[in-house]
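Structural description and commentary
Given next are the chains, with one letter for each unit.
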Amino acid sequence: MESLDYCDPGFTPLVVLELTSETKEEAIGWLLRRIRDLQQNGGDGDSFLSMAECQYIIKHELDTLRARDETHVPGYTEVKLYPGKSIIRRLQSKGILIQLFPLHEKEELKRLSFSWYKKVKLSFQPLDDIRHYYGEGQAFYFGFLEYFTFALVPMALIGVPYYLFDWEGYDKYVVFAMFNLIWCTVILELWKRYSASLAYHWGTLSRKKAFEEPRPGFHGVLGFNPVTGREEPIYPNAKRQLRIYLVSVPFVLLCLYLSLYVMMIYFQMEAWALSVHDDEPTFWAGILIFIPSIIYAVVIEIMNLIYRYAAEFLTEWENHRLESSYQNHLVLKVLVFNFFNCFASLFYIAFVMQDMVLLRQSLATLLITSQILNQFMEACLPYWLQRRRNKKMINRVRKRRTLEDKELPLVEQVRLEADMSMYLGTFDDYLEQFLLFGYVSLFSCVYPLAAVLVVLNNFTEVYSDAFKMCRVFKRPFSDPAANIGVWQLAFEAMSVIAVVTNFALIGISPQVKAYFSDSETQLILWTVAIEHVLLAFKFLLAFLIPDIPKHIQIRLSRLEFESLEALKKKVEQSAENLTYFLK
C-alpha cells in the first residue's frame, strides 16, 4: 500500500489488493500487466453505473483472471500455475495476496449512516440508498428484515393477551394455532409481491440469468465448454456426486447423531434439576431449573458455529462449478443441521413427552438465550475487536474530532479499512431470521410471547446490522439479485412444517382427545386428514395470491410489447434500405 503515497491526488481507487510486504517485483509487475490487459476501451462509468456496480465489475474481472501458458508466478518458482487456474485464488492460497476489498466512499457513507441508524425513528429504512451503496443483495436482506418485523406485529399484539390468561386449559391456543397457519402463509406470499415491486423498481425483476462463469475456486483439467466453446476447467460430475454421497451425506448424518446425543444429555440434566427442585423447592432450586436449558442453548450455538465451518469446507471440497450450485448445497447442509439442532428437543418435548409446561419453558429459554448470544456475537464483540484493532490508528489521528467527521488521507483510509473485519455476506443473517421464524411459526401457540421477543430482537437487529455495515466491516462487494433466492424456499418449507406442527399440537390437546377417547387410531386418522386439508388450503391460498402485482405485470408486458415493436420497425427499416440499395 506504500505505492498509494505516490498516487495522483485526483485518483479515486475503487478496489484494494493488499500484497505481502515481501512480494517480489516480478510478481507485482506480472499481476499489473495481467490486470491492465482487461482495460480495453472502457469508461469510468460514473454517469451510468453506481460505485457498487463498478466495484462488482472489477471483482468479476479479477475472479475470471486465469493462468494461460505461465508455469509459475514470476519470482516464485514454487508457486505453480496451471492453464485455467484462477490467478487471484492461487495468490491468496499461497499468502502472496492478503486480501481484496472495495473501498468505502466517505461522503456517501456518512449520508447513508445518518439516514439509516444514527437516529432512532419509527420509519422505513432507506432501501434505495442501501441498494445504491451496497447492491441489491444487501438491500433485499434489510428489506426482508424490515418486512418480517412488521409482519410479526399482529402475532405479537394477539400473543400478549393470550399469554396473560390461564394457558393450562389448552383450549385457547387452538384459535391462536389456526391464526398462525394463515399468518405464515399470507406473509410469505405478500413478501413475494413486495419483493417483486422492489426488484422492478431497481430494474432487476426482468434480469435474465446469464450464463454463469465458473467459480474462482472451481478447478479441474483444462478443456472446452461445449456451450461457449471457450477453454475452462472441466471436472467430472460423477466424481462430484461420489464426494457428496460417500463423504458429505455420511458426515451430515454423523453430526445429526451427535446433536441427538447432546439432546439426550440435556434431558438427563433437565430431569436431575427437576428432581432437585421437587425434593427441596427453594429459590435457588427454582433458578436451577433454567440452567440446563441455558447451557443447552449455548451448546447449540457453539455446535452450529463449528458445523458451519465444516459445511463450508465440505462444500468447497465438492468442487461445484457454479456459485449458485455451491450456495444451494451449502444452504441445504446448514439448514438441515440447524433445524434439527435447534428444534429436535422441542419436537421431543411436544410430541413424545407431551409436556406443554416444559415445552413453553424450553422454548422461552432457547429463544431468549440465542437472541442474547447472537446480539453479543454479531454486534458487541465485532465492535469491541474493531476498536482494539484500530487503537493505534485512533491515537494517530486523535487530534481530529472523530475519524469520520474529518477527512483522512487516502493512505490512512486504506490502512484503516484493511484492518476492519471482513463481512461474510447475508448467509448468517438469513439463517438467524429463518430460525426465529421457526420459533414463532412452529410453537408460538404454546408460548405466544415468542413473536413479541422476535419483534424486539429484530428492531435492535436493524440498527446493529446497519451499524456493523457502516462502522465495523469492510465494504462488501455488491451482489446483484432479483429476490432473496433459495431462502424463499427455505421459509416456505418451514411454513409447511408449521402447518403439520400446529395441527398436531391441536390434536394432542385434552379437549380434542376427549372426542376420541375410545380410539386413538381414529384421532390420528382425523388429525392427518384435516392436516392435509389445511395444507391444500395453504397451497390454494398461495396460488390465488399472485407473486407479481397486476400493475407490474402490465408494465412488464408493455415493455416487452414496445421492445418487439421497436425491433419490428428496425427490421422493416433495414429491409427498406436494402431494397433502395438494390435499386
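Definitions and cut-offs
Residues numbered from 1 in each chain as written. Predicted model: local features only at pLDDT ≥ 70, side-chain atom pairs only at ≥ 80, totals over all residues. Heavy atoms only, no water. Buried < 20%, exposed > 50% of the residue type's maximum accessible area, 1.4 Å probe, protein only. Helix = DSSP H or I, 4+ residues; strand = E, 2+ residues; numbered from the N terminus. Arc of directions from axis to C-beta. Contact = heavy atoms within 4.5 Å. Patch = residues over 30% accessible without salt bridge, like charges linked within 9 Å, V, L, I, M, F, W, Y side chains within 5 Å. Areas by Shrake-Rupley, 256 points an atom, 1.4 Å probe, with all protein chains shown as cover. Salt bridge = Lys/Arg side-chain N within 4 Å of Asp/Glu carboxyl O. Axes fitted to C-alpha atoms, helices over the stretch in contact; angles between N-to-C directions. Parallel < 35°, antiparallel > 145°, perpendicular 65-115°, else oblique. Left-handed = near helix turned anticlockwise from the far one by under 90°. Core = buried A, V, L, I, M, F, W, Y, C linked by side-chain atoms within 4.5 Å. UniProt positions renumbered as here; feature names shortened; annotations may be inferred. Nonpolar A, V, L, I, M, F, W, Y, C, P; charged D, E, K, R; others polar.

Section: helix α4 (residues 106-116)
- Within the span of α4, buried status applies to Glu108, Leu109, Leu112, Ser113 and Trp116. All buried residues of α4 fall inside an arc of 135° around its axis, so they share one side. Away from its buried face, by an angle of more than 90 degrees, α4 presents the exposed residues Arg111 and Phe114.
- Against α5 (127-134), α6 (136-164) and α16 (450-472) lie the buried residues of α4.

Considering a nonpolar patch on the surface
- Taken together, Phe283, Trp284, Ile287, Phe290, Ile291, Ile294, Ile295, Val298, Ile302 and Ile306 make up a surface patch of nonpolar side chains, about 960 Å² in accessible area.
- Taken together, the elements giving at least two residues each to the nonpolar patch come down to α9 (283-288) and α10 (291-317).
- Examining the composition of the nonpolar patch, we find that six residues originate from one element, α10, more than from any other.
- Position of Ile291 relative to the elements: it lies in helix α10.

Remarks on the packing of helix α11 (residues 323-353) against helix α15 (residues 427-443)
- For the pair α11 and α15, the least separation of the axes is 11 Å and the interaxial angle reads 30°. Here α11 is positioned roughly parallel relative to α15, judged by the angle of their axes. Viewed along their axes, α11 and α15 form a crossing whose handedness is right-handed. Contact residues: Gln327, Leu330, Val331, Val334, Leu335, Asn338, Phe339, Cys342, Phe343, Leu346, Phe347 and Ala350 in α11; Phe427, Leu431, Phe434, Leu435, Gly438, Tyr439, Leu442 and Phe443 in α15.

Some thoughts on the nonpolar core
- In this structure, Trp116 and Trp487 are the most contacted members of the largest nonpolar core, which totals 105 residues.
- The element best represented in this core is α6, accounting for 13 residues.
- With residues up to four places along the chain from it excluded, the contact list for Trp487 reads Val331, Leu335, Phe427, Tyr430, Leu431 and Phe434.
- Membership of the second largest hydrophobic core comes to 19 residues, among which are Val15, Trp30, Val79 and Leu81.

Digging into the UniProt feature "transmembrane region" (unreviewed entry) in the chain
- Within this structure's numbering, the places UniProt gives as "transmembrane region" (unreviewed entry) are residues 139-164, 170-191, 244-267, 287-309, 330-351, 363-385, 434-456 and 523-545.
- Each end of residues 244-267 is marked by a C-alpha atom, and these two atoms are 33 Å apart; helix forms 100% of the span and strand 0%.
- Along residues 287-309 one finds 91% helix and 0% strand; the C-alpha atoms at either end are 34 Å apart.

As for the packing of α15 against helix α17 (residues 486-507)
- Between α15 and α17, whose axes approach to 8 Å, the crossing angle comes to 20°. It follows that α15 is roughly parallel to α17 by the angle criterion. As for how α15 packs across α17, the hand of that crossing is right-handed. For the pair formed by α15 and α17, the contact residues are Phe427, Tyr430, Leu431, Gln433, Phe434, Phe437, Gly438, Ser441, Leu442 and Phe443 on the first element and Trp487, Ala490, Phe491, Met494, Ser495, Ile497, Ala498, Thr501, Asn502 and Leu505 on the second.
- A breakdown of the residues in the contact of α15 with α17 according to their chemical character gives 14 nonpolar, six polar and no charged.

Some remarks on unusual backbone geometry
- Located in the positive-phi region is Asn319, a residue other than glycine, with phi close to 60°.
- Checked against the element boundaries, Asn319 lands in the loop between α10 and α11.
- For Asn319, a relative accessible area of 0% translates into the label buried.
- Notably, Gln354 is not glycine yet its phi reads approximately 50°, a positive angle.
- Mapped onto the secondary structure, Gln354 falls in the loop between α11 and α12 (356-389).

Remarks on the environment of Tyr430
- Position of Tyr430 relative to the elements: it lies in helix α15.
- Note: C-alpha distance between Tyr430 and Tyr141 (289 residues apart in sequence) is 7.4 Å.
- Each residue touching Tyr430, except ones within four places of it in the same chain, is listed here: Gly137, Phe140, Tyr141, Phe144, Ile484, Trp487 and Phe491.

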